[in-house]
Amino acid sequence: MDKPTILEAQQWASSCFDQQLKNTDPNLAANIMMDLFNWSRTQLLMRLRDALTAAQWEAYQQAVQRIAKGEPAQYVIGKTQFYGHSFMVTPAVLIPRQETEELVDWVLTDHDDVAKSVLDIGTGSGALAISMALARPHWQVTGTDISDSAIQVAKRNAQSLRANIGWQVGDLFQPVADKVFDLIVSNPPYISEDERPLMDQNVLDYEPHQALFADHQGLAIYERIAQQLADHLTDQGVAYFEIGFAQGKSVKHLFETALPEAHVTLRQDITGHDRMIRVQR
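My aim in this report is to walk through the structure given alongside it, one point at a time.

1. Comments concerning the side chain of T100
Within the fold, T100 resides in helix α6 (residues 98-110). Of the residues examined, T100 reaches a relative accessible area of 6% and is grouped as buried. Not counting the four nearest positions on each side in its chain, T100 is found in contact with F82, L128, N187 and E242.

2. Re the packing of helix α2 (residues 28-37) against helix α4 (residues 54-68)
Here α2 crosses α4 at 130 degrees, and the two axes come no closer than 11 Å. As far as their axial angle goes, α4 and α2 are oblique. Taken as a pair, α2 and α4 cross one another with a handedness that is right-handed. Touching L28, A29, I32, M33, L36 and F37 of α2 are Q56, A59, Y60, A63 and I67, all from α4. The residue inventory of the contact of α2 with α4, partitioned by class, reads ten nonpolar, one polar and no charged.

3. Structural notes on the nonpolar core
Counting residues in hydrophobic clusters, the biggest one holds 34 residues, and the most contacted among them are F173, I184, Y222, L229, F241, F255 and V279. Sorting the residues of this core by element identifies β3 (117-121), β6 (181-186), α9 (201-206), α11 (220-229), β7 (233-242), α12 (248-258) and β9 (274-280) as the ones contributing at least two each. Setting aside residues no more than four positions away along its own chain, F255 makes contact with Y222, I225, A226, L229, F241, V264, I277 and V279. Counting 27 residues, the second largest nonpolar core, distinct from the first, contains V107, A127, A158 and I165.

4. Quick notes on the packing of aromatic side chains
Per the stated rule, a full pass over the model turns up six aromatic pairs. Ring centres of F37 and W39 lie 5.1 Å apart, and the angle between their planes is 50 degrees; on these two criteria the pair is classed as tilted. Residue F37 shares its accessibility class with W39, and that shared class is buried. Taking the centre distance of 6.1 Å and the plane angle of 75 degrees together, the rings of F82 and F87 count as edge-to-face. Grouped by ring-pair contacts, the aromatic residues F82, Y83 and F87 constitute a single cluster.

5. So, the pairing of β7
Along β7, seven of the ten residues are buried, which leaves the element largely enclosed by surrounding structure. Pairing of β6 with β7 involves five bridges; the strand directions are parallel. Bridge pairing in β7 places F181 opposite L233. Here β7 pairs with β9 via five bridges, running antiparallel. Residue pairing for β9: V238 is matched across the bridge by Q280.

6. A closer look at the sheet that holds β6
Spatial ordering of the open sheet is given by β5-β4-β3-β6-β7-β9-β8, a layout of seven strands whose pairing is mixed. Across the chains shown, the open sheet's two edge strands, defined by having one partner strand only, are β5 (165-169) and β8 (263-268). Along the sheet, successive strands turn relative to each other by an average axial angle of 15 degrees, direction set aside. Sheet topology places β3 next to β6; four bridges connect them, and they run parallel. Paired with V118 across the two strands is L183, which belongs to β6. Along the sheet, helix α7 (residues 127-135) contacts β3, β4 (140-145), β5 and β6; its crossing angle with β5, the most-contacted strand, is approximately 160 degrees. Along the sheet, helix α8 (residues 148-161) contacts β4 and β5; its crossing angle with β5, the most-contacted strand, is approximately 170 degrees.

7. What about the packing of helix α1 (residues 6-20) against α4?
Following both chains from N to C, one finds α1 and α4 inclined at 15 degrees, their axes separated by 9 Å at the closest point. Between α1 and α4, the angle is such that the two are roughly parallel. Judged by the twist between their axes, the crossing of α1 over α4 is right-handed. Residues A9, Q10, W12, A13, C16, F17 and Q20 of α1 form the contact with α4, whose participating residues are W57, Y60, Q61, V64, Q65, I67 and A68.

Here is what the cut-offs are and how they apply
- Residues numbered from 1 in each chain as written.
- Predicted model: local features only at pLDDT ≥ 70, side-chain atom pairs only at ≥ 80, totals over all residues.
- Heavy atoms only, no water.
- Helix = DSSP H or I, 4+ residues; strand = E, 2+ residues; numbered from the N terminus.
- Buried < 20%, exposed > 50% of the residue type's maximum accessible area, 1.4 Å probe, protein only.
- Contact = heavy atoms within 4.5 Å.
- Axes fitted to C-alpha atoms, helices over the stretch in contact; angles between N-to-C directions.
- Parallel < 35°, antiparallel > 145°, perpendicular 65-115°, else oblique.
- Left-handed = near helix turned anticlockwise from the far one by under 90°.
- Nonpolar A, V, L, I, M, F, W, Y, C, P; charged D, E, K, R; others polar.
- Core = buried A, V, L, I, M, F, W, Y, C linked by side-chain atoms within 4.5 Å.
- Phe/Tyr/Trp six-rings, centres within 6.5 Å; stacked < 30°, edge-to-face > 60°.
- Pairing = 2+ DSSP bridges.

Structural data, given as C-alpha cells:
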C-alpha cells in the first residue's frame, strides 16, 4: 500500500490486530496514530481522507507490527496516560494502571494542599509522585526506587511535566533512612509466582519482573515495609498502599500487627476488588 489515507491505514492496522490479537480495543488503530503523531481525536477525524507521508506510514507500520506481535502499545509508543497527564514509559518501568489512579484519588481526597512531606516508595515511572505533586503544589514529595533506570525515567517525566520531586535510588526506606514523612504511598511488587499462569503473556514478556513479583505469596515487600513503617511516619502520619485483589485480609493483618495503635482500612476498587490499604497512626 503506497502512502494510504489515514482511514485506509487504520483499516489495515485493524485487520492486523484482528488476525493476531484477542479482544482488541476497536479504537486501538486510531489511538496509536494519535499518540504516535500527537494528534487530537478532532485532528484525526478531520484528516481521514488525507494521505500519510512516507515517513508517517513507515512509522505507523512499524508500531502496528510490533503491537500485533504482543508488545505493549505503551512501550512501542513510549508513553501512556495517567491521572490526566502523559507519562513516558520504557521497559525499565511498569505501565501505570487505571486502578492506581484510584489510589491517587484516595490520597488527594483525604488531604488538601497544606504543606506535607510525602514519600512514594518504588516510584517506577514517577506516576504516583508526580500526580500528587502536580495536584498539591505545597507538598514536598520524594520518590525512591531500587532501579536507577526507573529513576531516570521518573526524572524525565518530572522535568516534562514540571513537577518538583526529590529522587533517590535505593531499596525501600534505605535512601531516606533518617527521615520521617506525613504521607507514605506505595504500589510495590505484590504478585505471587503462583499467579504467573493467570497473567497476560505480554506482561510476562515485556514488563520488569522486579517490579511485579514478590516472595511469600506476594507479601514480602509489605512485610518489610510494615516492620519499618513506624520509624518513618510522623505521629499523625498516614500510609497508603496498592495491593493484589486477593491480599486484603493478609496485608491488613500485617499492618495491624506491626502498628497495633494504627487504624487500618481496606478499600475496594471500582470493580469491587480489594485494592488499597490505608494505615493511620
